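Descriptive structure summary
These are the residues of each chain, in order.
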Amino acid sequence: MLEINNQYTLMKRRIASEVLKAYFSGKLEEDIDTLPIRIIPRDRDPNRCCVYKERAMVRYRIMALLGVDIDRNDDECKSLASYAKESLASENNPIPTLTTITPGCSSCPDEQYRITDSCRGCFARPCLANCPKEAIVFIDGKAKIDEQRCIKCGKCLDVCPFHAVIHVPVPCESVCPVDAIHKNADGYVEIDRDKCINCGHCSRSCPFGAIAERSAVMHVARMLQEEERVVAMIAPAIEGQFPGSLGQIKAGLLALGFHDVVEVAEGAHITAGHEAKEVQLRLKEGEKFMTTSCCPAYMQLVDTHIPSLGPLRSKALSPMGYTAQMCSERFPGARQVFLGPCIAKKVEAANIASIDAVLTFAELATLFVARDIDVKEMVVAKPYTDESLYADCREFALPSGVAHAVIRRSNESVRTMNINGVDRKTVRLMKTWIKRPPEADLVEVMCCEGGCLAGPGVLVNPKIATRLRQGANVATVGTKPLGDKKHV
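Note that the structure is predicted; figures quoted are calculated from it, not measured.

Let us look at the overall build of the chain. When its secondary structure is counted, the chain shows 19 helices and 15 strands. Across its three principal axes, the chain shows a C-alpha extent of roughly 75 × 65 × 40 Å. Here the chain holds 488 residues, and 55% of them are scored as buried. Expressed as a percentage of contacts within the chain between residues at least 6 apart in sequence, the contacts between residues at least 24 apart total 74%. Carbon together with sulfur atoms contributes 51% to the accessible area of the chain, which is approximately 22400 Å² in total.

Right, here's the structure in full:
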């Protein structure tokens, strides 16, 4: 996966911030068509072939920010101001969530393994001995790969004592767990929408920015600008994403114009309680195991690719689903916006009538920048109380966090298993579970390796976010100890 701190990410955030600044100043339609020129001045040293292509890419990024499906609605004669006007008038969440930017695609060569000059032509020749297709040949004492025979299994890379073999992937294709990414006849990236589970791995991995998320940030900005009653539902992964305490993050959201802030950890508390009861009931009824239902990309994976696991998923709503219900009761008539690290949540939210929009943490950050709000400088006006019941559910953002919360709410021993990240190998494994069930009662599945802290919409490197959370002591243990429960 591409390191989160890179030039493309910084450019994407700058574009979003500039668009939002123009909107909040009342000059969006006046300024938006000149933004590509102002962001990419003529004297800039371009990273692509020329400043004109870079400006074109800025235009496409603005279109994605406006929620445009570039695959199906790329009108080069249409002004950005026209797109902006349509976007601000729309009430719909942008579904499908991902779109491709063909001019940005580098048309990467097919995946391959190469043997470099570091090959010493050793006597042992483990590459030759372990290749299942006899694709390794030796010419002038050095190993070469016969591309016609190579099946790209990577065994030569694994066994070479000199690390002389390198793997050259197609980044977007290699990270897709369901083979939804492919190149068309012209060599450019395309997304098979019938296969896609919206995990966002491809958009995070493409170093050329050719895959973009369609945003609802302008929809939210309009609600805030018009001072509508809007409730922010913040995912547990938010701690560690912004400088400052949880109270300061909440204060920052209120300063943005949100009417109130609700932690989705409250909904997670309900989810964990339901799953604790459900897994015990299923085991008593003779079922082999149950999987969690929190990760929306996993839910789409089962629906689309492994329907046999459908009956084995928990019937509990996700934390976002329960939180939306609570917000409807507490704040009748208010608009609801979910703030989290996940792109797939946008698809889940499209099926929950009360949720008006989903923003990632990266999109939220651009709102803070556009409004000149520094979270760490916020003054907390009042303490947020009565968090004891769900404080431990902030661990939902971490690998095994869901399982631990379920265990604490269970009256019986529960064996757990954690799937920390889904790739093609994991998908193949899960397809065998009907015939060969895992040795666990409860299987927690998170499509992103590292949990929600490593989602496609985060701001901070997951390792840094984990340390920040630990420093803030946010992963609070609940009322029941883990010592008397079986867990993996």
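Let's pick the thread back up.
With that settled, consider the confidence of the model for the chain. For the chain, the mean per-residue pLDDT works out to 92, and 95% of the residues sit at or above 70. Taken together, the stretch residues 474-488 has pLDDT below 50 and engages in 36 contacts with residues farther than four places along the chain or on a different chain.

Glancing now at the packing of helix 12 (residues 265-284) against helix 14 (residues 319-330). Relative to each other, helix 12 and helix 14 sit at 125°, their axes nearing to 7 Å. Taken together, helix 12 and helix 14 sit at an angle that is classed as oblique. Every pair of crossing elements has a handedness; the one defined by helix 12 and helix 14 is right-handed. In this structure, helix 12 contributes Glu-266, Gly-267, Ala-268, Ile-270, Thr-271 and His-274 to the contact, and helix 14 contributes Pro-319, Tyr-322, Thr-323, Met-326 and Arg-330. Per-class residue counts for the contact of helix 12 with helix 14 are five nonpolar, four polar and two charged.

Moving on, we get to the sheet that holds strand 13 (residues 355-360). Strand order in the open sheet formed by four strands is 10-9-12-13, and the pairing between neighbours is parallel. If you trace the sheet from one side to the other, it starts and ends with strand 10 (260-263) and strand 13, each paired once. Averaged over all neighbouring strand pairs, the angle between strand axes comes to 25°, with direction disregarded. Of the strand pairs in this sheet, strand 9 (residues 230-234) and strand 10 are connected by four bridges, and their pairing is parallel. Pairing of Ala-232 across the sheet is with Val-261, part of strand 10. Across the face of the sheet, helix 10 (residues 217-225) comes into contact with strand 9, strand 12 (335-340) and strand 13 while running at roughly 115° to strand 13.

To continue, consider helix 16 (residues 361-370). Burial of helix 16 is extensive: nine of the ten residues sit out of reach of the surface. Along helix 16, the residues classified as buried are Phe-361, Ala-362, Glu-363, Leu-364, Ala-365, Thr-366, Leu-367, Phe-368 and Ala-370. Next to the buried residues of helix 16 lie helix 1 (7-24), helix 10, helix 11 (246-256), strand 12, helix 15 (345-349) and strand 13. Asp-372 sits one or two residues past helix 16 and shows a positive phi near 55°.

Okay, the packing of aromatic side chains next. This model, assessed by the stated rule, comprises three aromatic pairs. Plain terms: the ring middles of Phe-242 and Phe-368 are 5.4 Å apart, the flat faces sit at 90° to each other, and that makes the pair edge-to-face. Within this pair, whereas Phe-242 is found in the loop between strand 9 and helix 11, its partner Phe-368 is found in helix 16, the two being separated by 126 residues in sequence. Like Phe-242, the residue Phe-368 is buried in the burial classification. Positioned above the aromatic ring of Phe-338, the side-chain terminus of Lys-345 is 5.9 Å from the ring centre.

If you trace the three strands from one edge of the open sheet to the other, you get 11-15-14, paired in parallel fashion. At either margin of the open sheet sits one strand with a lone partner, and together these are strand 11 (290-291) and strand 14 (416-420). Sheet topology note: the strand 14/strand 15 (residues 442-446) ladder contains five bridges and is parallel. Across the sheet, the residue bridging to Met-417 is Val-443, located in strand 15. Each of strand 14 and strand 15 touches helix 17 (residues 401-408); the most contacted strand, strand 15, lies at about 150° to it.

On inspection of all chains with the given rule, the structure shows 28 salt bridges. Between Glu-86 and Lys-78 there is a salt bridge; the shortest N-O distance is 2.7 Å. According to the relative accessible area criterion, Lys-78 is buried, its value standing at 17%. Residues Lys-376 and Asp-374 are paired through a salt bridge, measuring 3.1 Å at the closest nitrogen-oxygen approach. The class of Asp-374 is partly exposed, set by a relative accessible area of 32%. Among the charged side chains, a network of salt bridges with common partners joins Arg-222, Glu-226, Glu-228, Arg-335 and Asp-356.

The rules behind these values
Residues numbered from 1 in each chain as written. Predicted model: local features only at pLDDT ≥ 70, side-chain atom pairs only at ≥ 80, totals over all residues. Heavy atoms only, no water. Helix = DSSP H or I, 4+ residues; strand = E, 2+ residues; numbered from the N terminus. Buried < 20%, exposed > 50% of the residue type's maximum accessible area, 1.4 Å probe, protein only. Contact = heavy atoms within 4.5 Å. Areas by Shrake-Rupley, 256 points an atom, 1.4 Å probe, with all protein chains shown as cover. pLDDT = per-residue confidence, 0-100. Axes fitted to C-alpha atoms, helices over the stretch in contact; angles between N-to-C directions. Parallel < 35°, antiparallel > 145°, perpendicular 65-115°, else oblique. Left-handed = near helix turned anticlockwise from the far one by under 90°. Nonpolar A, V, L, I, M, F, W, Y, C, P; charged D, E, K, R; others polar. Pairing = 2+ DSSP bridges. Phe/Tyr/Trp six-rings, centres within 6.5 Å; stacked < 30°, edge-to-face > 60°. Lys NZ or Arg CZ within 6 Å of the ring centre and 35° of its normal. Salt bridge = Lys/Arg side-chain N within 4 Å of Asp/Glu carboxyl O.

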